[in-house]
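Descriptive analysis of the structure
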Amino acid sequence: MEQYVMKGGRPLCGEVVIGGAKNASLGVLAAAVMTDGECLIENMPDVRDTNVMLQAIEGIGGVVERIDEHTVKISGRSICRENTVVDGEYIRKIRASYYLLGALLGKYKRAIVALPGGCDIGSRPIDQHIKGFTALGAKVDIGHGMITAVAENLHGAHIYMDVVSVGATINVMMAAALADGNTIIENAAKEPHIVDVANFLNSMGANIKGAGTDVIRIRGVEQFHDSEYAIIPDQIEAGTFMAAAAATGGDITVKNVIPKHLEAISAKLAEMGCTIHEYDDSVRVDARNRRLTSTQIKTLPYPGFPTDMQPQMAITLALAEGTSVITESIFENRFKYVDELTRMGAKIQVEGNTAIITGVEKYTGADIVAPDLRAGAALVIAGLAAEGYTTVDSIQYIQRGYERFEEKLQALGANISLVDSDRSLQKFKLQVV
Ligand code: EPZ
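Considerations on the pairing of strand S5 (residues 71-75)
Most of S5 sits inside the fold, with 4 of its 5 residues counted as buried. Bridge count between strand S3 (residues 38-42) and S5: 4 bridges; the pairing is antiparallel. Residue Cys39 lies in a different strand from S5, and its bridge partner there is Ile74. Hairpin connection between strand S4 (residues 63-68) and S5: a loop of 2 residues separates the two successive antiparallel strands.

Structure follows, in structure tokens:
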């Protein structure tokens, strides 16, 4: 079984190039099957979740051509309406499989997709997706672990989302883009990947306005055409390395980013005492030679503080001077890493959706387990900040969303290795003393 082993205590310094956004890619890849033409998609991260999505597209008869590690050509021409069933053990593991619902429903007016899995970070209902599809004229049923959405014809509708949902906004936007007439989505999510998926749909001929605001207006079109598109940089991968600079007392420049997408993270790190330099397409976080101080964080939909950065900030705040409070208002089950971090010496008390963190001077290395994607990445950073050796198990979660994580960390000076046997673990410990 693969695990990370590391010896912490070194400030991470240098530059790291950020890849394409995983969560934008998942929407874009699904949307690519909506044209009978060809889509060339660049800057796609080569991570487990995107590879599962590509597998799902092939599973329904789509043609996927890997041009290089980060470029893929997709054609949905050979998908037929009768074959719009997305199932399989692999597809149940990723949440974003449900984007194929919106994409296939929009194009073929029929989609049957296995109920989504994904990280266990909360109950994750899909009522808003169903509400949106139903308003567009689809009949939606759930049974035998599958969601079925079928329509004679999709028509535009005025839809008010009861909760701000990234997934429901993207799904309904995709289906509405090929519906008859006009759709308005109110209380839409505004995350950068909503804008990216809308831009991609527009590049195929859709008519979507207002993505990135609360109100998205869609004028349905009959069909889409070929497109060439590059995915935006990953806000959360960038934020994770920014937190790594802060937690290890290092100095990291994240390159190939959109600094505006990182504002909430930059602002919190500055409040804690980091020096932040923003450039056109990079951000530098300098946390050398100082003890960071406590702050308060509440996760909120964009442009608020992202829930996907909550664990990385918690492991940083747990080393800062004073008492910090983190309120998680998006997913109720996102403090599962706290028990592991406590084993490394952190002092965190969780009450409901709030974590009260009393800063400690240092962590000590331990054998820990990644509970989900972002918490897993956060625990690796904790290990790199800790005194002594740490191993992190269940790294398949981390590999869902971080490409060559250990290599990027090594390039910043981290003593970390991916090992797959006790022998290689011992070898690492002998080499890195
Ligand atoms: C997306 O999940 C991301 N996943 C998540 O990233 C991210 O944490 C989340 O958005 C919030 O930013 C992908 O893009 C693939 P939501 P999603 O629908 O779409 C409630 C990561 O680490 N809700 O915006 O599933 C829901 O329970 C992952 O990369 C309903 O009540 O999130 C939650 O409280 C993890 N009914 C809130 O809305 C619905 O129908 C936001 O969820 C849908 C959602």
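Some details on the nonpolar core
The biggest cluster of nonpolar side chains holds 79 residues, and the ones touching the most others in it are Ile41, Met53, Leu100, Met173 and Leu201. Counting residues per element, this core draws most heavily on helix H5 (residues 166-177), at 8 residues. With residues up to four places along the chain from it excluded, the contact list for Leu100 reads Ala30, Val33, Met53, Ala56, Ile57, Val86, Leu105, Ala111 and Val113. Ile18, Ile252, Ala314 and Leu341 belong to the second largest nonpolar core, which has 71 residues in total.

Digging into unusual backbone geometry
Here the bond from Tyr302 into Pro303 is cis, since omega is 10°, no more than 30 degrees from zero. The topology assignment puts Pro303 in the loop between strand S18 (296-298) and helix H9 (310-317). Despite not being glycine, Asn256 has its phi angle at roughly 65°, a positive value. Position of Asn256 relative to the elements: it lies in the loop between strand S15 (251-255) and helix H8 (263-271). Look at Asn256 and you get partly exposed, because its relative accessible area is 32%. Although it is not a glycine, Asn289 sits at a positive phi angle of roughly 55°. Relative to the helices and strands, Asn289 is located in the loop between strand S17 (282-286) and S18.

Remarks on the sheet that holds S3
One open sheet holds the 4 strands; their spatial order is S4-S5-S3-S14, and the pairing between them is mixed. The two strands at the open ends of the sheet, each matched to only one other strand, are S4 and strand S14 (227-230). Taken pair by pair, the neighbouring strands of this sheet meet at an average axis angle of 20°, ignoring direction. Across 5 bridges, the pairing between S4 and S5 is antiparallel. What sits directly across from Val63, in S5, is Ser75. Across the face of the sheet, helix H2 (residues 48-59) comes into contact with S4 and S5 while running at roughly 140° to S4. Of the strands in this sheet, S3 and S14 touch helix H6 (residues 192-203), which is tilted by about 160° from S14.

Brief notes about the site of the ligand
Not every one of the 25 residues close to the ligand is listed here, only the nearest: Asp127, Ser165, Val166, Asp308 and Ile330. Here an oxygen atom of the ligand sits 2.8 Å away from a polar atom, N or O, in the main chain of Gly167. In isolation the ligand exposes 830 Å². Once the protein is present, 89% of that is buried. For the shell around the ligand, the secondary structure elements donating two or more residues are helix H1 (22-31), helix H4 (127-135), H5 and helix H11 (373-385). Examining the composition of the shell around the ligand, we find that 3 residues originate from one element, H4, more than from any other. Class assignment for the residues of the shell around the ligand results in 12 nonpolar, 6 polar and 7 charged.

Definitions and limits used
- Residues numbered from 1 in each chain as written.
- Predicted model: local features only at pLDDT ≥ 70, side-chain atom pairs only at ≥ 80, totals over all residues.
- Heavy atoms only, no water.
- Buried < 20%, exposed > 50% of the residue type's maximum accessible area, 1.4 Å probe, protein only.
- Helix = DSSP H or I, 4+ residues; strand = E, 2+ residues; numbered from the N terminus.
- Pairing = 2+ DSSP bridges.
- Core = buried A, V, L, I, M, F, W, Y, C linked by side-chain atoms within 4.5 Å.
- Contact = heavy atoms within 4.5 Å.
- Axes fitted to C-alpha atoms, helices over the stretch in contact; angles between N-to-C directions.
- Near = heavy atom within 4 Å.
- Polar contact = N/O pair within 3.5 Å; in protein donor to acceptor, adjacent residues only side chain to side chain.
- Areas by Shrake-Rupley, 256 points an atom, 1.4 Å probe, with all protein chains shown as cover.
- Nonpolar A, V, L, I, M, F, W, Y, C, P; charged D, E, K, R; others polar.

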